[in-house]
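# Results of the structural survey
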Amino acid sequence: MRRGHFFALFVSFVVVSLRVLGTSGPGTIARDPLRVCADPNNLPFTNSRLEGFENKIAALLARDLGTRVEYTWFAQRRGFLRNTLTARACDVVIGLPADTDAAWTTKPYYRSTYVFVTRRSRKLRIRSFDDPQLRDLRIGVELVGDDSANTPPAHALSRRGIVSNMVGFSVYGDYRSNSPPSAIIAAVARGDVDVAAAWGPMAGYFAAQQPVVLDIVPVQPQLDGRFLPQTFSISMATRRRDTARHERLEQFIDRRRNEIDRILAGYHVPRVDLPLEARR
Amino acid sequence: MRRSARLFTLLLLTLLLTYGCGNPASSAPASAAAPPAAAAAVSPGVNPAPDTSGDWVRPGRDYASTRFSPLDQITPQNVKQLSVKTTFSTGVLHGHEAAPIVVNDTMYIVTPWPNLVYALDLSKDGAPVKWKYEPKPLAAAQGVACCDVVNRGVVYAGGAIFLNTLDNRTIALDAASGKEKWATKLGDLSKGETITMAPLVVKDKVLVGNSGGEMGVRGWLTALDANTGRVAWRAYSTGPDKDVLIGPRFKPFYASDRGGDLGIHTWPADAWRNGGGTVWGWISYDPQLNLVYYGTSNPGPWNHEQRPGDNKWTAGVFARDADTGEAVWFYQMSPHDLWDYDGVNEQVLADIPIGGQTRKVMMRADRDGYVYVIDRTSGEVISADPFVAVTSTKGVDPKTGRPIEDKSLEPALGRVVRNVCPASPGGKDWQPTAYSTRTGLLYIPANNLCMDFEGVEANYIAGTPFVGANVRMYAGPGGNRGEFIAWDPVARRKAWSIKESFPVWSGVAATGSDVVFYGTMDGWFKAVNGSSGEELWKSKVGSGIVGQPVTYRGPDGKQYVAVLAGVGGWSGAIVAGGLDPRDGTAALGFVNAMPDLPQATTSGGMLYIFGLP
């Protein structure tokens, strides 16, 4: 017993030493709060009531690091990174497409896809942008606006000449409501549009809340033409040269992979990076 | 007051014609450029009209938007003696695009967000603050504005100062006390709307337009009752004729603008609802025709394949009845715009001799790189000539009024398109020209920028990944990114020009002694000879200039020149927004053209007032 007791003491001494060392070395984040940059009203990703899946992942990360989360809230629009991460108001973004130029992204922790959303009762079974039904149906797409850019399904449809039956929904949505981007999915459920081509994590989450059963199917082709991807890997991100923190995040992604996957599954995030049997 | 103003104008026209020294401005507002001597000569005697020739009551100075002041104490000979008389820090760091306006010995300035308004007492030494007004716009407005959180100025009318805030309010303040008289909310931040333009007051109406074409906003011009703030009418830029206020009086000059509900039919289904056509630029007014003129922004979304058609009524200019808002004519500079060529630039009204007769025209130095001379009674294009390098079009078809596009440059995702000139900010962006009735020249603060569209890049907004073209802008032919151009609208050519390293993003003020003032983004405030283009004087200020210079007569009877320094705006975002010069595609590709701006200047809003000894 004495040996056991001594051993326990020794262990706690080591832990304490590590924590103390931690505060002086590059790993100061072990004691400092985890400072996360996030949108206060962007379910299913984040909101200020901490209901989004990125909120849950941030909480898991904070627990893993033995600290708590401290949020800097900023609408995830133009200037988001500039005013938050780059401005050093916070240190970590939980979700960004891998290889985004404006920040240093980690290895990805999930890969999702744009999806077709339809009412199951309609039996439309649309899988591809080349489905001839798309020439006549009312198709909801997310519009980014005028920032020299648009969502990949909007490009894929317009390069096929499918334009006049496209119905645009602002990707910003109605920011006064509790779930700004949900209108496009609700429009499918109500029958205002026949099909929506929308980003998977958003579509999966809101589809599950509708009063009717909606089908979610990854769009095809996943790489349209030579250059237009419909699937995106999502990473965490830090500022460039924030090496210690970046390393911690990558370790976390490896170590807590199963828990992260469970969180994503709980929000019905469509995945294209899991083996088939693990997909829902 | 109005009658005597007309009399002054008649006399002024006669004088100018007699002396043959220029092309008289026609539309004569109450604050017309009437020299004091002339005013005295025709005043009824009993109640002489106040001499307002020394004021500058709105950013465009007069309703014709000439930015020409008759003041002539500062001459090409003595301008070298100008020195700083007063400075005033606004305490704000973003792009200061406003004109400091002057009336009743008081100067009024408005800052970028948070849109502080200062009244400075010019009758006291050092121009101390008389009052300060804080509208406290929502912080969220900063995230919605596309191109820095700018404000282009306040306007004075009938004892009130009218202000637009970034969070979509129009506010009337008592000019003497700064007390709020009314405030009206006109737009919705959550839809991506903001307001950055300076209002124009015409008779009893305040005219205000929205910004946010980049955010899928539907554009409008709204008229408010100047006394109560109640909305009198709103004219949308897209949608059904009843929303656009198109009725029996609408007589566009060109066939492609005729037909019912073109604001719906020139779009795919419902796309007009998010079609852009915002009204964030300048408004002019012709009191004789009782028409207001303004331009509309580019259509959205950017990917033009998603909006086949002419996309009425975007990227064009409207003439409307000033009282009712009814559309009278429309001309579209860029039908189905491909390049973000907003049509919001100012229209300078003048009567100039063309083909042996005097024509009532508006002159527009447009984003698309052309100076348009348009008959302002009918909307007919009299001439359209490039004032910068233009590759995106090969001229304007005189029969149809439509640009002749170079189809080989049409943008498509995944296709590299090079050497598109002018770049998206245009041959000239919002920064307004000045027109001198004495020299007959239009002074254009111009950009010389071209751009490439290449590749695709994943990006993320509101949790949604998307792809877009990389846009990179760079200096056009000659290597200079800016040029200050004196344009002869009658001869249809440059009279002279000055090359500038950076885009010239400031306004211009022209004077009765042919001295012309403008500023540069690296912080030089310059005076040039309006006839010859000779540089007469320059002074370095604390930050780059993207504001609008004014000149006025002070309480001491002396002429002064004032300008707000404070770099920013779209072109200056690399400094005001602290963008990384290594990411050339930031600020929609503008950063690529401006990597050296942070070395040339730093941010900080400061008013400078210059005067003679």
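Residues numbered from 1 in each chain as written. Chains lettered and ligands numbered in written order. Predicted model: local features only at pLDDT ≥ 70, side-chain atom pairs only at ≥ 80, totals over all residues. Heavy atoms only, no water.

## Some details on the overall build of chain B
Inclusion rule: Secondary structure follows DSSP: runs of H or I at least 4 residues long count as helices, runs of E at least 2 residues long count as strands, and numbering of each begins at the N terminus. Burial classes follow relative accessibility: with a 1.4 Å probe on protein chains only, a residue under 20% of its type's maximum area counts as buried, one over 50% as exposed, and anything between as partly exposed. What makes two residues a contact is simply this: any of their non-hydrogen atoms within 4.5 Å. Residue exposure ignores everything except the shown protein chains as possible cover, and the areas themselves are Shrake-Rupley values with a 1.4 Å probe.
From N to C terminus, chain B includes seven helices and 38 strands. For chain B, buried positions account for 68% of its 613 residues. Summarising the internal contacts of chain B: among those between residues at least 6 apart in sequence, 61% fall at separations of at least 24. Total accessible area on chain B stands at roughly 18900 Å², and carbon and sulfur atoms take up 53% of it.

## Things to note about the overall build of chain A
Of regular secondary structure, chain A possesses eight helices and 15 strands. Considering chain A as a whole, with its 280 residues, one finds that 54% of them fall into the buried category. Across chain A, contacts joining residues at least 24 apart in sequence account for 73% of those joining residues at least 6 apart. Counting only carbon and sulfur atoms, one obtains 53% of the accessible surface of chain A, whose full area is about 12900 Å².

## What about the nonpolar core?
Heads up, the condition is: As used in this record, nonpolar core signifies buried Ala, Val, Leu, Ile, Met, Phe, Trp, Tyr and Cys residues forming a set joined through side-chain atoms within 4.5 Å. Domain ranges listed in this record stem from an automatic or a database domain assignment.
Grouped together as the largest cluster of nonpolar side chains are 76 residues, with contacts concentrated most on A:Phe53, A:Ile57, A:Tyr109 and A:Ile185. A per-element tally of this core places helix H2 (residues 53–65) of chain A first, with seven residues. The residues that make up this core include at least three from each of domain 1 (7–109 + 232–279) and domain 2 (112–231) of chain A. Setting aside chain neighbours within four positions, we find A:Phe53 in contact with A:Pro44, A:Phe45, A:Tyr110, A:Pro201, A:Ile263, A:Leu264, A:Tyr267 and A:Val269. With 37 residues, the next largest nonpolar core counts B:Val92, B:Ile101, B:Ile109 and B:Ala127 among its residues.

## Notes on helix H5 (residues 183–190) of chain A
Residue and element names in this part refer to chain A. The buried fraction of H5 is high, at six of eight residues. Regarding H5, the residues found buried are Ile-184, Ile-185, Ala-186, Ala-187, Val-188 and Ala-189. In the segment just after H5, Gly-191 is the residue with positive phi, at about 90 degrees.

## A few points about the state of the cysteines
Residues and elements named next belong to chain A. The criterion, for reference: We call a pair of cysteine sulfur atoms a disulfide whenever their separation is within 2.5 Å.
Counted according to the given criterion, the structure contains two disulfides over all chains. Disulfide pairing places Cys-37 opposite Cys-90 at an S-S distance of 2.1 Å. Disulfide Cys-37-Cys-90: torsion about the S-S bond near 115 degrees, hence right-handed. With Cys-37 in strand S1 (residues 34–38) and Cys-90 in the loop between helix H3 (80–83) and strand S5 (92–97), this pair connects stretches of sequence that are 53 residues apart.

## Notes on the pairing of strand S23 (residues 393–396) of chain B
Residues and elements named next belong to chain B. Let me state the cut-off plainly: Here, a strand pair is defined by DSSP locating no fewer than two bridges between the strands.
Pairing analysis gives two bridges linking S23 to strand S24 (residues 403–405), with the strands arranged antiparallel. Residue pairing in the sheet places Val-396 in a bridge with Pro-403 of S24. The antiparallel hairpin formed by S23 and S24 contains six residues in its connecting segment, where Gly-401 sits at a positive phi of about 75 degrees.

## Looking at the packing of H2(A) against helix H8 (residues 257–266) of chain A
All names here are of chain A. Threshold: The convention used is that axes are lines fitted to C-alpha atoms, helices contributing only their stretch in contact, and that angles between N-to-C directions extend from 0 to 180 degrees. Angle categories: roughly parallel below 35 degrees, roughly antiparallel above 145, roughly perpendicular from 65 to 115, and oblique for all the rest. Should the near helix be turned counterclockwise from the far one by less than a right angle, the crossing is left-handed, whereas a clockwise turn marks it as right-handed. Side-chain classes follow a simple rule in which Ala, Val, Leu, Ile, Met, Phe, Trp, Tyr, Cys and Pro form the nonpolar group, Asp, Glu, Lys and Arg form the charged group, and the remainder, Gly included, forms the polar group.
Across the interface, H2 lies against H8 with an axial gap of 9 Å and an inter-helix angle of 160 degrees. Viewed along their axes, H2 and H8 adopt a mutual orientation that is roughly antiparallel. Between H2 and H8 lies a crossing whose hand is right-handed. On H8, the residues that touch Phe-53, Lys-56, Ile-57 and Leu-60 of H2 are Glu-259, Ile-260, Ile-263 and Leu-264. Grouping the constituent residues of the contact of H2 with H8 by class yields six nonpolar, no polar and two charged.

## Considering the sheet that holds strand S34 (residues 524–529) of chain B
All names here are of chain B. An order of S1-S32-S33-S34-S35 is seen for the five strands of this open sheet, with the pairing classed as mixed. At either margin of the open sheet sits one strand with a lone partner, and together these are strand S1 (68–69) and strand S35 (535–540). With five bridges joining them, S34 and S35 adopt antiparallel strand pairing. Its bridge partner being in S35, Trp-524 is matched across the sheet by Lys-540.

## Some thoughts on the side chain of B:Ser383
Residues and elements named next belong to chain B. Along the chain, Ser-383 turns up in strand S22 (residues 381–386). We classify Ser-383 as buried; its relative accessible area is 7%. Setting aside chain neighbours within four positions, we find Ser-383 in contact with Val-371, Tyr-372, Val-373 and Arg-492.

## Describing the sheet that holds strand S12 (residues 205–209) of chain B
Residue and element names in this part refer to chain B. Sheet architecture is open: four strands sit in the order S11-S12-S13-S14, paired in antiparallel fashion. What marks the edges here is a single partner per strand, and that holds for strand S11 (200–202) and strand S14 (231–236). Here the average twist between neighbouring strands, direction ignored, is 20 degrees. Across five bridges, the pairing between S12 and strand S13 (residues 220–225) is antiparallel. Each bridged residue has a counterpart across the sheet, and for Val-208 the counterpart in S13 is Thr-222.

## What to know about the confidence of the model for chain A
Residues and elements named next belong to chain A. Convention followed: Values of pLDDT, which run from 0 to 100, indicate the predictor's confidence residue by residue.
When the pLDDT values of chain A are averaged, the result is 85; 85% of them are 70 or greater. Per-element averaging of pLDDT across chain A places helix H1 (residues 2–24) at the bottom with 38 and H2 at the top with 97. Predicted confidence for residues 1–30 stays below pLDDT 50, and this span has 13 contacts to residues more than four positions away or in other chains. Note on residues 276–280: pLDDT under 50 across the span, and five contacts to partners over four residues away in sequence or across chains.

## Describing H2(A)
Think of an α-helix as turning once every 3.6 residues; residues three or four places apart then point the same way. All names here are of chain A. Going by this rule: What a helix should span is 1.5 Å times the count of its residues minus one.
For H2, with 13 residues, the first-to-last C-alpha span of 18 Å sits near the 18 Å given by 1.5 Å per residue. Summarising burial for H2: ten of the 13 residues are buried, a large majority. Of all the residues in H2, the buried ones are Phe-53, Glu-54, Asn-55, Ile-57, Ala-58, Leu-60, Leu-61, Ala-62, Asp-64 and Leu-65.

## Some remarks on the packing of aromatic side chains
Between two aromatic rings, the relevant description is the distance of the centres plus the angle of the planes. Convention followed: Only the six-membered ring of Trp is used, alongside the rings of Phe and Tyr, when aromatic pairs are assigned; centres must lie within 6.5 Å, and planes under 30 degrees apart are stacked while those over 60 apart are edge-to-face, with the rest tilted.
Counted under the stated rule, the structure contains 38 aromatic pairs over all chains. Their ring planes at 70 degrees and their centres at 5.3 Å tell us that A:Phe116 and A:Phe129 sit as a pair that is edge-to-face. Here the residue A:Phe116 occupies a position in strand S7 (residues 110–119), and A:Phe129 occupies one in the loop between S7 and strand S8 (139–143), the gap between them amounting to 13 residues. Judged by its relative accessible area of 1%, A:Phe129 is buried. Here B:Phe525 and B:Trp537 contribute two aromatic rings whose centre-to-centre distance is 6.0 Å and whose plane-to-plane angle is 85 degrees, an arrangement assigned as edge-to-face. Within this pair, whereas B:Phe525 is found in strand S34, its partner B:Trp537 is found in strand S35, the two being separated by twelve residues in sequence. Each member of the pair B:Phe525 and B:Trp537 is classed as buried. The structure contains a cluster of three or more aromatic residues connected by ring pairs, namely A:Phe45, A:Phe53, A:Tyr109, A:Tyr110, A:Tyr205, A:Phe206 and A:Tyr267.

## Brief notes about the environment of B:Asn529
All names here are of chain B. Our working definition: Polar contacts, as counted here, are pairs of nitrogen or oxygen atoms within 3.5 Å of one another; within protein the pair requires one atom able to donate a hydrogen and one able to accept it, and residues that are adjacent in sequence qualify only if both atoms are side-chain atoms.
On the secondary structure map, Asn-529 appears in strand S34. A sequence separation of 459 residues divides Asn-529 from Pro-70, and the C-alpha atoms of the two residues are 15 Å apart. Setting aside its immediate chain neighbours within four residues, Asn-529 contacts Pro-76, Trp-496, Asp-514, Glu-534 and Leu-536. Polar contacts involving the side chain of Asn-529 include one to the main-chain amide nitrogen of Ser-532, which spans 3.2 Å.

## Looking at the domain arrangement of chain A
Residues and elements named next belong to chain A. Note the threshold: Buried area is calculated as the accessible area (1.4 Å probe) missing from two parts once they are joined, with the contributions of both summed. Every case where a carboxyl oxygen of Asp or Glu lies within 4 Å of a side-chain nitrogen of Lys or Arg is listed as a salt bridge.
Splitting chain A by domain gives domain 1 (7–109 + 232–279) and domain 2 (112–231). Each partner contributes residues to the interface: domain 1 has 20 residues there, and domain 2 has 26 residues. Here domain 1 meets domain 2 over a buried area of about 1900 Å², counting both sides, of which 63% is carbon and sulfur. Contact with domain 2 buries surface across domain 1, with Asn-41, Phe-232 and Pro-270 losing the most and accounting together for 36% of the total. Viewed at the interface, domain 2 and domain 1 are joined by zero salt bridges. Linking domain 1 with domain 2 are two residue pairs in polar contact (both at pLDDT 80 or more), by the criterion used here. Elements that contribute at least two residues to the side of domain 1 that touches domain 2 include exactly strand S2 (41–42) and strand S15 (231–238). The element contributing the most residues to the side of domain 1 that touches domain 2 is S15, with three residues. Across the side of domain 1 that touches domain 2, the residue classes break down as twelve nonpolar, four polar and four charged.

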